[in-house]
There are 2 protein chains.
Amino acid sequence: MNVRVILVGPEHGGNVGTVARLIKNFGFRDLWLVNPRMELGFEAEAFAAHAKDVLNRVVIVSDLDKAFEGVSFIVGTTAVHAKKTSNVFRISVTPEELAKKAVTIKGTIALLFGRESKGLSNEELRRCDVVVSIPSSPLYRTLNVSSATAILLYELWKAKSERPRGCFEEVSRDNLLWLIRLFDQFSQESSLPVHKRDLATKAFHNVVSRAFISKREATLMMGVFRRNLQIKLKSELDM
Amino acid sequence: MNVRVILVGPEHGGNVGTVARLIKNFGFRDLWLVNPRMELGFEAEAFAAHAKDVLNRVVIVSDLDKAFEGVSFIVGTTAVHAKKTSNVFRISVTPEELAKKAVTIKGTIALLFGRESKGLSNEELRRCDVVVSIPSSPLYRTLNVSSATAILLYELWKAKSERPRGCFEEVSRDNLLWLIRLFDQFSQESSLPVHKRDLATKAFHNVVSRAFISKREATLMMGVFRRNLQIKLKSELDM
């Protein structure tokens, strides 16, 4: 399991150091920072303790596009999960559910954590394939970013330490995105209000990302969408 | 579940604050410090964030005897677990095994964490009823005390919470079957060979069953299928 921990706009060196330490504690390697609000100085090093090698390898980039280069699956984190499931961008899985999914992924998993002060924005979350939320008390939902990292990397460590791999060939990211694009075309052709079409596409994106979808299953569904879109196109040309 | 988190000889205010926050995050209340090596000042308060009430209630004692007053069960923590069970004081259970046990305990559970610099001594561990150790990489076993607290309180929270599953309202089985039926209608209308249509429906069925699909997501997708099927029906009637 190849995980790239990405901190978006981190504000405190202590948290960056603690996260570096956790990355080594749980047998991972890669820490990326997007547009950090602090310098990597004494504080980060002190908190990293014996994980200074992780800090020395840190990659700093200026935006999410660069942070996502070469990744196969993007995981966002939020404490503000959808109440009554009204916000389709914040419908979340649990850390355990994420871990089950993660063991089936061949490429690099991007694991995104937001700013200490305000987490990840809706815009950032909509770029994620799945959003994970740590169950916590309604009296105080928001965990510190390094506490959240501890829990997620621990669940990933447990999953990768114990589970044999799935028995089917998973769909490639390109094909998965292609399937989602087909659904979107289909959705845009419906008579629903525009914002509903986008939400429906996001719902489809959520579901196919969360499932363990094989190449075969994706191909079959793509066939149906493609044929129906062609038929429609053809009947429009005939008119 | 009644848990008293006890930090033995804590050295850094930031860790005490982070632990206070975690106690509130996971619905617990009590933080005790044995012989702390720092003052509860600005740093602890900053890290506690919205859990200053936990800090305000903190109990400071001078030795373990006082910290154990009124408790029913004592849990120690160590990163140095017994290799081949040679050190009988460090034979440890996993956090999950601890959580399973903890839900059966009626009185107060003391959950003991050691010093940042050197953990709990053998003498301290021998007074514990059970020792728990968080599985981690042999390259760097020792977690920061607040990271360890995050993981243990998270496992205890999961065990005591009634709902193990995610934070959304799952789709009802009736609605799930309805969604699959809509896809099937859509699939049957494509120009694919019949057996492919059935397989595509089965692929869709697999994926939505495997995903954790919410009511909201199902409704959005059903909207798209329904509208498109109506359009098609309508255009056929018009012909």
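Residues numbered from 1 in each chain as written. Chains lettered and ligands numbered in written order. Predicted model: local features only at pLDDT ≥ 70, side-chain atom pairs only at ≥ 80, totals over all residues. Heavy atoms only, no water.

Peer 1: Looking at this structure, I do not really get helix α9 (residues 194-210) of chain B. What am I missing?
Peer 2: An α-helical turn contains 3.6 residues, so a residue and the one three or four places further along point in the same direction. Residues and elements named next belong to chain B. Look at α9: 25 Å from first C-alpha to last across 17 residues, which is about the 24 Å you get at 1.5 Å a residue. Regarding α9, the residues found buried are Arg197, Ala200, Thr201, Ala203, Phe204, Val207 and Val208. On an axial view of α9, the arc spanned by its buried residues comes to 155 degrees, and they lie on one face. Residues Val194 and His195 are exposed on α9 and point more than 90 degrees away from its buried face. (Helix = DSSP H or I, 4+ residues; strand = E, 2+ residues; numbered from the N terminus. Expected span 1.5 Å × (residues − 1). Buried < 20%, exposed > 50% of the residue type's maximum accessible area, 1.4 Å probe, protein only. Arc of directions from axis to C-beta.)

Peer 1: What's the story with the sheet that holds strand β5 (residues 92-93) of chain B in this structure? I'm lost.
Peer 2: Where strands meet in a sheet, backbone hydrogen bonds hold them as pairs that are either parallel or antiparallel. All names here are of chain B. Strand order in this open sheet of 7 strands is β3-β2-β1-β6-β4-β7-β5, and the pairing throughout is parallel. Because the sheet does not close on itself, it has two edges, and the strands there are β3 (59-61) and β5. Pairing of strand β4 (residues 71-77) with strand β7 (residues 130-132), which is carried by 3 bridges, proceeds in the parallel orientation. Bridged to Val75 within β7 is Val130. Helix-sheet contacts for helix α7 (residues 145-160) involve β1 (2-8), β4, β6 (108-113) and β7, and the interaxial angle to β6 is about 155 degrees. (Pairing = 2+ DSSP bridges. Contact = heavy atoms within 4.5 Å. Axes fitted to C-alpha atoms, helices over the stretch in contact; angles between N-to-C directions.)

Peer 1: I keep staring at the confidence of the model for chain A and nothing clicks. Help me out?
Peer 2: Here chain A shows a mean pLDDT of 89. Residues at 70 or above account for 90%. Here the prediction assigns the complex a pTM of 0.79, and the interface score ipTM is 0.78. (pLDDT = per-residue confidence, 0-100.)

Peer 1: What is the right way to read the interface of chain B and chain A from this model?
Peer 2: The figure often quoted for interface size is the accessible area lost as the parts come together. Taken together, the contact pairs 68 residues of chain B with 73 residues of chain A. Each partner contributes to the roughly 6,100 Å² buried at the junction of chain B and chain A, and carbon and sulfur atoms together form 67% of this total. Sorting the residues of chain B by area buried against chain A places Tyr140(B), Tyr154(B) and Arg216(B) first, and these three jointly supply 12% of that buried surface. Seen at the junction of chain B and chain A, the total is 4 salt bridges. The residue Glu96(A) makes a salt bridge to Lys158(B) at a minimum N-O spacing of 2.9 Å. (Buried area = accessible area lost by both parts, 1.4 Å probe. Salt bridge = Lys/Arg side-chain N within 4 Å of Asp/Glu carboxyl O.)

Peer 1: Would you take a moment to explain the packing of aromatic side chains for this structure?
Peer 2: Each aromatic ring pair is specified by the distance between its two centres and by the angle formed by the two planes. In total, this model carries 20 aromatic pairs over all chains according to the counting rule given. Where Phe186(A) meets Phe225(B), the ring centres are 5.4 Å apart and the plane angle is 50 degrees; that geometry is what we call tilted. Of the two residues, Phe186(A) is situated in helix α8 (residues 173-188) and Phe225(B) in helix α10 (residues 215-238); the pairing between them involves two chains. Aromatic pair Phe204(B) and Phe225(B): ring centres 6.0 Å apart, planes at 80 degrees, arrangement edge-to-face. Taken together, the residues Phe204(B) in helix α9 and Phe225(B) in helix α10 connect sequence positions 21 residues apart. Every member of this aromatic cluster is reached through a ring pair, and the members are Phe183(A), Phe186(A), Phe204(A), Phe225(A), Phe183(B), Phe186(B), Phe204(B) and Phe225(B). Across the ring face of Phe28(A), the terminal group of Lys160(A) is positioned such that the distance to the ring centre comes to 3.8 Å. (Phe/Tyr/Trp six-rings, centres within 6.5 Å; stacked < 30°, edge-to-face > 60°. Lys NZ or Arg CZ within 6 Å of the ring centre and 35° of its normal.)

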